[in-house]
Amino acid sequence: MSIPICYLFNYLIHNNSAEAFFFAGCITVLILAISARFILKKKAPVDPVFYVFAVHAFLSVVNLIIGLEQDNIIDGFVTFYLKEADPHINTAHGHMISFWDGCVHYLMYLLMIAAITWGDSYRAIGLYWVGSFLMRAIVYILGNAVGKYGTHVGPLFLLHMLYISVTVWACFCIFSQPSIRDVQLTNNREAERKSLLHRLLDLLFIIYLIPAFAFCVFRGLIVLDCSSDWCQEYTRQYEPYLKDPSAYPKVQMLVNMLYSGPYYIITLYGLMVPGCEWVPDLTLVHSGALAQAQFSHIGASLHTRTPFSYRVPADSQLVFLLVNVLYVLVPQALCYRCCTRSAFFLRRTPDKKTE
């Protein structure tokens, strides 16, 4: 429905202005009413989050259309919106979050809608989406407020805040769902008996967490205008986008330093001490957040909408991609390990005393 509705809105508004907008709105409401009537003929889902995800899936396709039209791949679908919308959407970061929302978030919404329809648990994919959405929202809102477009906040931004508020409510609904882990206690005891030296994979993850923590703090210091020669040289040779006046990369690195930094420390503890039941959920949220953050950062660093002086130099792109891709892929592997082999993180229940 997103594609024909966007095209209809764009065509009518370009021709008849306010009357066309009212007419297109009526048509949209009529289509939604017919669709709702068709759905309610069957067994309606009890979970109210289902309807939030359904609307978000609609908006995700709209965001994909926006990204495609911004890059001149298609034309005539959201031209009116790109002219009237806040200028933040036309930045390189705005391009990246449009594509992420239109592809990755759309897939997540379909998976969660299917899980609700079939009566299955969607908590795992939901937590991954929570991290991705919250990272996108925090960086986008703060970047709009403090960047060079901070004075151009209009009514559409307030509408975006309403969208964020409803989505935050859905995030709390996902967190309130019970965790389902089918792991036997005997496996838990066997996992507890193994020392760190006998858990080679966990040892490798622990070794990774230390330089990852240093890297996110290092980039945080760069955006805080650290005068160190290392910071200046790294910015000039590898990531000049960190100094982009749009402020999105600066906010992104500060969020990484303030949230990813503590995450690495407490995850380090969780991998060394058994019984930390919060580790799998925490890795799901963080891996989703980091995937979204790195996709937007890498894409915007290389995008043509970014001024040439702030793009990654051609002779440094290989190193830039290698470091940033490893920085996002290893947490995904850590998340997979913690969620699929979670016996080590379960608390040991006390043995019952026998008379």
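Residues numbered from 1 in each chain as written. Predicted model: local features only at pLDDT ≥ 70, side-chain atom pairs only at ≥ 80, totals over all residues. Heavy atoms only, no water.

1. A word on the overall build of the protein
For the protein, the helix and strand inventory stands at twelve helices and zero strands. The linear arrangement of helices and strands in the protein, starting from the amino end, is α-α-α-α-α-α-α-α-α-α-α-α. Taking contacts inside the protein between residues at least 6 apart in sequence as the whole, the part at least 24 apart equals 77%. Taken as a whole, the protein presents about 18900 Å² of accessible surface, with 68% of it coming from carbon and sulfur. (Helix = DSSP H or I, 4+ residues; strand = E, 2+ residues; numbered from the N terminus. Contact = heavy atoms within 4.5 Å. Areas by Shrake-Rupley, 256 points an atom, 1.4 Å probe, with all protein chains shown as cover.)

2. A look at the packing of helix α8 (residues 200-223) against helix α10 (residues 248-272)
At a closest axis distance of 8 Å, the pairing of α8 and α10 adopts a crossing angle of 155°. Taken together, the axis directions place α8 and α10 in an arrangement best described as roughly antiparallel. Taken as a pair, α8 and α10 cross one another with a handedness that is left-handed. (Axes fitted to C-alpha atoms, helices over the stretch in contact; angles between N-to-C directions. Parallel < 35°, antiparallel > 145°, perpendicular 65-115°, else oblique. Left-handed = near helix turned anticlockwise from the far one by under 90°.)

3. Remarks on the UniProt feature "transmembrane region" (unreviewed entry) in the protein
The UniProt record annotates "transmembrane region" (unreviewed entry) at residues 20-40, 49-68, 97-118, 125-143, 155-175, 196-222 and 318-339. The span residues 97-118 carries 100% helix and 0% strand; its end-to-end C-alpha distance comes to 30 Å. The distance from the first to the last C-alpha atom of residues 125-143 is 27 Å, and the span holds 100% helix and 0% strand. (UniProt positions renumbered as here; feature names shortened; annotations may be inferred.)

4. Re the packing of aromatic side chains
Summed over all chains, the structure comprises 15 aromatic pairs. Aromatic side chains Phe-53 and Tyr-122 sit 6.2 Å apart centroid to centroid with 85° between the ring planes, which places their arrangement in the edge-to-face category. A residue pair is termed long-range when its members are at least 10 positions apart, and Phe-53 in helix α2 (residues 49-70) and Tyr-122 in the loop between α4 (92-118) and α5 (123-146) qualify at 69 residues. What makes Phe-53 buried here is its relative accessible area of 0%. Residue classification places Tyr-122 among the buried positions, given a relative accessible area of 4%. (Phe/Tyr/Trp six-rings, centres within 6.5 Å; stacked < 30°, edge-to-face > 60°. Buried < 20%, exposed > 50% of the residue type's maximum accessible area, 1.4 Å probe, protein only.)

5. Focus: a nonpolar patch on the surface
A cluster of nonpolar side chains, contributed by Phe-213, Ile-265, Ile-266, Tyr-269 and Trp-278, occupies part of the molecular surface with about 470 Å² of accessible area. Top element by residues in the nonpolar patch is α10. It accounts for three residues. Looking at where Ile-266 falls in the secondary structure, it is placed in helix α10. (Patch = residues over 30% accessible without salt bridge, like charges linked within 9 Å, V, L, I, M, F, W, Y side chains within 5 Å. Salt bridge = Lys/Arg side-chain N within 4 Å of Asp/Glu carboxyl O.)

6. Digging into the pattern of salt bridges
Evaluation of the coordinates by the stated rule reveals six salt bridges. Two residues, Arg-337 and Asp-202, come together in a salt bridge whose shortest N-O distance is 2.6 Å. One end of the pair, Arg-337, is in helix α12 (residues 317-340); the other, Asp-202, is in helix α8, with 135 residues separating them in the sequence. We note that Arg-337, like Asp-202, is buried. Here Arg-219 makes a salt bridge to Glu-239, at a shortest N to O gap of 3.2 Å. With Arg-219 in helix α8 and Glu-239 in the loop between α9 (229-237) and α10, the pair connects residues that are 20 residues apart, well separated along the chain. Since its relative accessible area comes to 1%, Glu-239 is described here as buried. A single salt-bridge network, built from bridges that share partners, covers Arg-199, Asp-202 and Arg-337.

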